[in-house]
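Take a look at the letters that make up each chain.
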Amino acid sequence: MIFAGLLLAGVLIPAYRDLSSPGAWSYWNDLFGSPSMTATAVTMADGRKGLAIRGQIGPAAAGWFRDQLDAAKLGSGDVVFLSSPGGSLDQGLIMGAVVRSRGLTTVVGRVDSGGRPQPARCASACVFVFAGGKVREAMPRSLLGVHQFSSTGAKGEESAGDIVSRTQRTTGIILDYMTQMGVSPSIMQAMTASKDIRWLTEKEAFDLNLVTARYAGS
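Note that the coordinates shown come from a computational prediction; the quantities given were computed from them, not determined experimentally.

### Topic: the overall build of the protein
A count of helices and strands for the protein gives eight helices and 11 strands. Scored against the burial criterion, the 218 residues of the protein give a buried share of 40%. Across the protein, contacts joining residues at least 24 apart in sequence account for 70% of those joining residues at least 6 apart. Per element, the accessible surface of the protein, about 11500 Å² overall, is 57% carbon and sulfur.

Next up, the structure:
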């Protein structure tokens, strides 16, 4: 019994320490407690299936997103509607990669109580999810917002040089991702112009190849 007690303590104490850190608790809460995003399955007028994703991109959003896609049984050419102020950069990148791997179309939009798509906003990390679309449609009056990304460690743990180095690596990851998704490298100029959200005009989004088609729904 003593051995069993020590063994159990050896498992539970590290687990408690992991959960006691803010980042770990946020992850587990987002995964099993209260997900930061919501999903609504819809059928579009043209027969395509759709999944409307709304809310902050939390620390466990990518795993949740995969589950939602599986449950909705979306296939190549079906649509993911996005309405989000952003959130976790790495989760946004993973979600975008999942979208691309499944051949899905992305649209900035939300779904009203009647299941009808409506204009929305997609900013910050949400833009990376949108960029994952094999086809990226522009819904009238919807907006895409970009801003400068930086990477910092815990306060007091990194020097200014370390922070600059990490930020440069983050910028490189973003540029590589956007290039692979077919977005113009010039997107980085729009992102680095301001730390505040910059809402792209429709022309800018098309010129950057961030948007590739007009919205095909109704």
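Text resumes after the structure shown.
### Quick word on the pattern of salt bridges
Tallied over the entire structure, the rule returns seven salt bridges. Residue Arg-48 pairs with Asp-46 through a salt bridge whose shortest N-O separation is 2.9 Å. What makes Arg-48 buried here is its relative accessible area of 15%. For Glu-202, the salt bridge is made with Arg-214, and the minimal N-O distance between the two is 2.2 Å. Separated by 12 residues along the polypeptide, Glu-202 in helix H8 (residues 202–207) and Arg-214 in strand E11 (residues 213–214) bring together distant segments of the chain. The class of Glu-202 is partly exposed, set by a relative accessible area of 37%.

### Thoughts on the nonpolar core
Ranked by internal contacts, the top residues of the largest apolar core, which has 46 residues, are Phe-65, Phe-128, Leu-144, Met-178, Ile-187 and Leu-210. Looking at this core, the elements that each hand over two or more residues are strand E2 (49–55), helix H3 (61–72), strand E3 (79–83), helix H4 (89–101), helix H5 (126–131), strand E9 (143–146), helix H6 (160–180) and helix H7 (187–192). Leu-210 has contacts with Val-127, Phe-130, Ala-131, Arg-136, Leu-144, Val-183, Ile-187, Leu-200 and Ala-205, leaving out every residue within four places of it along the chain. Of all hydrophobic cores here, the second largest spans nine residues; its members include Val-42, Val-79, Val-107 and Met-139.

### Observations concerning the sheet that holds strand E10 (residues 198–199)
The mixed open sheet is built from three strands, whose spatial order is E7-E9-E10. Strands at the two margins of the open sheet, each flanked by one partner only, are strand E7 (121–123) and E10. As paired elements, E9 and E10 share two bridges and run antiparallel to each other. Opposite Val-146, over in E10, you have Arg-198 as the bridge partner.

### Focus: the sheet that holds strand E8 (residues 135–138)
The strand order across the open sheet built from six strands is E1-E2-E3-E4-E8-E11, with neighbouring strands paired in mixed fashion. The open sheet terminates on both sides in strands that have one partner only, identified here as strand E1 (37–43) and E11. Across three bridges, the pairing between strand E4 (residues 105–108) and E8 is parallel. Bridge pairing links Thr-105 to Val-135 in E8. Across the face of the sheet, H3 comes into contact with E1, E2 and E3 while running at roughly 155° to E2.

### Things to note about the confidence of the model for the protein
With 78% of its residues at a pLDDT of 70 or more, the protein shows a mean pLDDT of 85. A low-confidence stretch, residues 2–19 stays under pLDDT 50, and its non-local contacts, those more than four residues away or across chains, total five contacts.

### With respect to the state of the cysteines
Here the structure, examined in full by the defined rule, presents one disulfide. A sulfur-sulfur distance of 2.1 Å marks the disulfide that ties Cys-122 to Cys-126. The sign of the -115° torsion about the S-S bond sets the Cys-122-Cys-126 disulfide as left-handed. For the residue pair Cys-122 and Cys-126, the accessibility class agrees, reading buried in each case.

Conventions adopted
- Residues numbered from 1 in each chain as written.
- Predicted model: local features only at pLDDT ≥ 70, side-chain atom pairs only at ≥ 80, totals over all residues.
- Heavy atoms only, no water.
- Helix = DSSP H or I, 4+ residues; strand = E, 2+ residues; numbered from the N terminus.
- Buried < 20%, exposed > 50% of the residue type's maximum accessible area, 1.4 Å probe, protein only.
- Contact = heavy atoms within 4.5 Å.
- Areas by Shrake-Rupley, 256 points an atom, 1.4 Å probe, with all protein chains shown as cover.
- Salt bridge = Lys/Arg side-chain N within 4 Å of Asp/Glu carboxyl O.
- Core = buried A, V, L, I, M, F, W, Y, C linked by side-chain atoms within 4.5 Å.
- Pairing = 2+ DSSP bridges.
- Axes fitted to C-alpha atoms, helices over the stretch in contact; angles between N-to-C directions.
- pLDDT = per-residue confidence, 0-100.
- Disulfide = S-S within 2.5 Å.

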